[in-house]
Amino acid sequence: MNVIIDISNNIEEKECRICFESTNVEDLISPCYCRGTSKWVHHSCLQTWRENSENQDARIKCMECNYEYNLISTNVPENIPFLKHFIDDNDQIKGKYTSAYLFLLLYSLMSYPILFEPLEKYNNYVSIDILNYYQPNNKKIFLDFIKINDFYYMLYYYSLNLSINNNIIYFIIIMNLFCNIKYKRYFFRNIFLDFYKNIIFLNLAYIFYFLFFICDLNGTFILLNFTMQLLNYYTTRKLLLKMNYIIKNINANNCD
Ligand SMILES: [Zn+2]
Ligand SMILES: [Zn+2]
């Protein structure tokens, strides 16, 4: 008797067994042996159901007819292209990273007399203005200090240029991640604190200067800023390894 078989083939009768809606017909699938009112289910509804199920079995099979779903991974693996340049297949930092950092140090050293100094002189030392909240007295103390000390003068502008370049690199990394990461919420929830710490650390000298207004400790400020720019080599390195770790984690858990 074939009379009542598969009335659900009739398009009007298709209804999702989870949300009981007949809308989005093109998303309706029949994933198991269940027939009748349980035959159809929205792909998205089933996906949510599986993900939220406490029962591990319910993630892989229909709990009514026990049919194991044909699960095909539709997830494209997570991938950050620039990371491959710096981390090898054994999750170790490549020597290329050190070379890139040395290049940055050298580039900043070469570029500051060409870019920064003339611009600063032309703008009446605007960076020192900003650093001292536009207070003429403090600016004068700072300026007098670096003008009689060639070493500090050079180091101040070198560190300033380096810190701007380092901050730009962080900005580029974050933009790059936003464009490439598909599981943004998970990824950024796990990496947020590391980014935050790194950027604070990178700009620690400025933060100290702003907070405590150590204008009579100009030399300390300049040395601290320079040290932070160098230590950024280690903190960025740690950040890259953490990113790699999170990406691997996402990909390992993406098999279903
Ligand atoms: Zn549904
Ligand atoms: Zn079933």
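Numbering of residues begins from 1 in every chain and follows the order in which that chain's sequence is written. Each chain is given a letter, starting from A, and each ligand a number, starting from 1, according to the order in which they appear as written. Selection of residues for local features in this predicted model requires a pLDDT of at least 70, selection of side-chain atom pairs for listing and counting requires 80 or more, and totals for whole chains, interfaces and linings are taken over all residues.

1. Structural notes on the overall build of the chain
At step 1: Within the chain one finds ten helices and two strands.
At step 2: Taken from the N to the C terminus, the helices and strands of the chain come in the order β-β-α-α-α-α-α-α-α-α-α-α.
At step 3: All radius of gyration figures rest on C-alpha atoms, and the globule criterion is 2.2 Å times the number of residues raised to 0.38. A compact globule built from 256 residues should have a C-alpha radius of gyration of about 18 Å, whereas the chain, at 30 Å, is more than 25% larger.
At step 4: Taken along its principal axes, the extent of the C-alpha atoms in the chain is 105 × 40 × 30 Å.
At step 5: The long-range fraction of contacts in the chain, counting pairs at least 24 apart against all pairs at least 6 apart in sequence, stands at 62%. Each helix is a run of H or I in the DSSP string that is no shorter than four residues. Each strand is a run of E no shorter than two, and both are numbered from the N terminus. This entry defines residue contacts through backbone-placed C-beta atoms, with two residues in contact when those atoms are within 7 Å.

2. Section: the nonpolar core
At step 1: Within the largest apolar cluster, 16 residues are counted, with the highest numbers of intra-cluster contacts made by Y156, Y157, Y158, A205, Y209 and F221.
At step 2: Those elements that provide at least two residues to this core are α5 (126-131), α6 (136-148), α7 (150-180), α9 (204-212) and α10 (218-252).
At step 3: Once residues lying within four places of it in the same chain are set aside, the contact partners of Y157 are Y112, F116 and E117.
At step 4: Definition of nonpolar core: a set of buried Ala, Val, Leu, Ile, Met, Phe, Trp, Tyr and Cys residues joined via C-beta atoms within 7 Å. Every C-beta atom is placed from the backbone, and the number of other C-beta atoms within 10 Å of a residue's own sets its class: buried at 20 or more, exposed at 12 or fewer, partly exposed in between. Membership of the second largest hydrophobic core comes to eight residues, among which are I87, F187, I246 and I247.

3. A few points about the domain arrangement of the chain
At step 1: Note that domain bounds follow an automatic or database assignment of domains. Taken domain by domain, the chain consists of domain 1 (2-73) and domain 2 (81-255).
At step 2: Taking only C-alpha atoms, the centre of domain 1 and the centre of domain 2 are 53 Å apart.

4. As for the packing of helix α8 (residues 184-202) against α10
At step 1: The contact between α8 and α10 brings their axes to 10 Å, and the two run at 175°. Regarding the angle of α8 to α10, the classification is roughly antiparallel. Counted together, Y186, F187, N190, I191, D194, N198, F201 and L202 of α8 and M228, N232, T235, T236, L239, K242, M243, I246 and I250 of α10 form the full contact between these two elements. Interaxial angle, 0 to 180 degrees, is taken between N-to-C directions of lines fitted to C-alpha atoms, where a helix line uses only the stretch in contact. Working rule for angles: under 35 degrees goes down as roughly parallel, over 145 as roughly antiparallel, 65 to 115 as roughly perpendicular, anything else as oblique.

5. Examining unusual backbone geometry
At step 1: Positive phi outside glycine occurs at D91, with the angle close to 60°.
At step 2: Within the secondary structure, D91 is located in the loop between α3 (83-86) and α4 (95-122).
At step 3: When the 10 C-beta atoms within 10 Å are taken as the criterion, D91 is described as exposed.
At step 4: For Y134, which is not glycine, the phi dihedral falls at a positive 60°.
At step 5: Tracing the chain through its elements places Y134 in the loop between α5 and α6.

6. Here we look at the packing of α6 against α7
At step 1: Running from N to C, α6 and α7 cross one another at 115°; their axes reach a closest spacing of 5 Å. Taken together, the axes of α6 and α7 are roughly perpendicular relative to one another. Between α6 and α7, the residues in contact are F145, I146 and K147 and Y152, Y153 and Y156, respectively.
At step 2: Residue type decides the class: Asp, Glu, Lys and Arg count as charged, Ala, Val, Leu, Ile, Met, Phe, Trp, Tyr, Cys and Pro as nonpolar, and the leftover types, Gly among them, as polar. In terms of residue class, the contact of α6 with α7 is built from five nonpolar, no polar and one charged.

7. Some points on the confidence of the model for the chain
At step 1: Confidence per residue, as judged by the predictor, is encoded in pLDDT with a range of 0 to 100. Per-residue confidence for the chain gives a mean pLDDT of 87, with 91% of residues at or over 70.
At step 2: Averaged pLDDT values over the elements of the chain bottom out at 84 in helix α2 (residues 56-60) and peak at 94 in α7.

8. A look at the environment of K61
At step 1: When you line up the elements, K61 lands in the loop between α2 and α3.
At step 2: For K61, a count of 16 C-beta atoms within 10 Å puts it in the partly exposed group.
At step 3: Taking the C-alpha atoms as reference points, K61 and F86, 25 residues apart in sequence, are found 41 Å from one another.
At step 4: Setting aside residues up to four positions removed in sequence, K61 forms contacts with N66, Y67, E68 and Y69.

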